[in-house]
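# Commentary on secondary and tertiary structure
Letter by letter, the chains look like this.
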Amino acid sequence: MKIAIIGGGAAGFFLAVNLKTFAPQVEVTVLERQADVLKKVLVSGGGRCNLTNTFEGVTDLKQVYPRGHKLLKGLFKQFGHRDAYRWFEAHGVPLVAQDDHCVFPAAQDARAVAGCPKSLAAELGVTVKTSHRVETLTPCGGKYEITFQDVRQGRLLFDRVAITTGGSPRGESFAYLERLGHRIETPVPSLFTFNIASPALRGLMGTVVDPALVGIPGTKFRHSGALLVTHWGMSGPAILKLSSHAARFIQEKAYRFPIFVNWTNDPHSETVTGILQNMAQRHPQKKISGLRPYDLPARLWHYLIGKSGIAPDRKWNELGHKGLCKLADTLCNDRYDVDGRSTFREEFVTCGGVSLESVYRQTLESKTCPGLYFAGEVLDIDGVTGGFNFQAAWTTAYTVARAIAENAVQKQPVP
């Protein structure tokens, strides 16, 4: 049995090596359109590769997978984050979990992660063809014929095909799959930072508040986490989570929309007002600028005082109830206008792709094209930052490898 895997990224190589492990007799060929494989793995996590997460504190997968959480809940029973951790360590990649629950290779080098399945693929006899850009995928008498943009590369025939091409912001990238009868959810970016044209805010570049609460007024979108002020606006886990969960809403707004920031991370403004009142009562003669609630960074505190219309050298006992309420409102409901987005470092994640309604959930095989499978971000699955997207790639790739292997065993002739 000949198997083609279209896409030489994380999902593609993980699928290939597991398939060859389960069914050594099958011929596996990875077709990659670029000259190099596993490029996204090498640049992820700032070159360190956050390859999974401990999932500590995750009580509902919807918290970390805005799309695909129901599917993954079932698939994780077959191959979850603990399985991925054990798999990499068993194959010579020691891992370490950080305090923020992100899991990295102990070497802190993405090459350790990329090199593992790449070396295994070579050992197991997986054929890898780079610079092979697929032109057509055509069902042909129970098999699949693949042609390439470079006609000199000929036509190849395979018994089974797995698509692991990853996400793409361009809808036309999925056109050939749509022609085969699959429903395509419109792809849009889902992991990005916010551009905010505020010179005063940008003057706080490098300031970090952890945790802060951010949200979009008039919606239910709100998320907590570390917030980083950058030279272009805002970033950090809080912003990235918000961008992921609200991806479609934000795209519909053409990336121009208001946000609020609660620098205290306390959703109850009355509590914040009470804390400020307590500070005023305990230190009536102190300057407001000299006492920082919630241990806020000094530069940020001075900025918020000014934004509240309060002179920094005023004393706490001079504020009065109105002034305290105004300061509390600024702390809890600081408003900004987002004017565009920026990609998150070298990583680019999209929501959308092949609808989960177009595949069988236990095997990820196409409902319209028997023998065609999908794994990784080509499916309408995406997670927040923190190793969750790679975990989805490992899980879906393992699922497809197991399904194809079981099918291959059933097709073996009886001696």
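Just above, that's the structure.
Parameters at a glance
- Residues numbered from 1 in each chain as written.
- Predicted model: local features only at pLDDT ≥ 70, side-chain atom pairs only at ≥ 80, totals over all residues.
- Heavy atoms only, no water.
- Pairing = 2+ DSSP bridges.
- Helix = DSSP H or I, 4+ residues; strand = E, 2+ residues; numbered from the N terminus.
- Axes fitted to C-alpha atoms, helices over the stretch in contact; angles between N-to-C directions.
- Buried < 20%, exposed > 50% of the residue type's maximum accessible area, 1.4 Å probe, protein only.

Quick look at the sheet that holds strand β10 (residues 160-163) now. Strand order in the open sheet made by the 5 strands is β6-β2-β1-β10-β20, with parallel pairing throughout. This sheet does not close on itself; its edge strands, each paired only once, are β6 (127-129) and β20 (372-374). Averaged over all pairs of adjacent strands, the angle between their axes in this sheet comes to 20 degrees, without regard to strand direction. In this sheet, β6 lies alongside strand β2 (residues 27-31) in parallel orientation, the contact comprising 3 bridges. Note that in β6 the partner of Val 30 across the bridge is Val 128.

Following Asp 210, the chain continues to Pro 211 via a peptide bond in cis, the omega torsion being 5 degrees. With respect to the helices and strands, Pro 211 occurs in strand β13 (residues 208-215). You will see that His 101, though not glycine, has its phi angle at about 80 degrees, which is positive. One non-glycine residue, Ser 131, lies in positive phi territory at about 55 degrees. Looking at the secondary structure, you find Ser 131 in the loop between β6 and β7 (134-140). Accessibility expressed as a relative area gives 40% for Ser 131, which makes it partly exposed.

Attention now moves to the environment of Glu 123. Locating Glu 123 in the fold gives a position in helix α5 (residues 110-124). Of the residues examined, Glu 123 reaches a relative accessible area of 63% and is grouped as exposed. Expressed as a C-alpha distance, the spacing of Glu 123 and Val 113, which sit 10 residues apart in the sequence, is 16 Å.

Read from one edge to the other, the open sheet built from 3 strands follows the order β7-β8-β9, with strand pairing classed as antiparallel. Because the sheet does not close on itself, it has two edges, and the strands there are β7 and β9 (155-158). With strand direction ignored, the average angle separating the axes of adjacent strands in the sheet is 20 degrees. By the bridge criterion, 6 bridges tie β7 to strand β8 (residues 143-148) in an arrangement that is antiparallel. Bridge pairing in β8 places Thr 136 opposite Thr 147.

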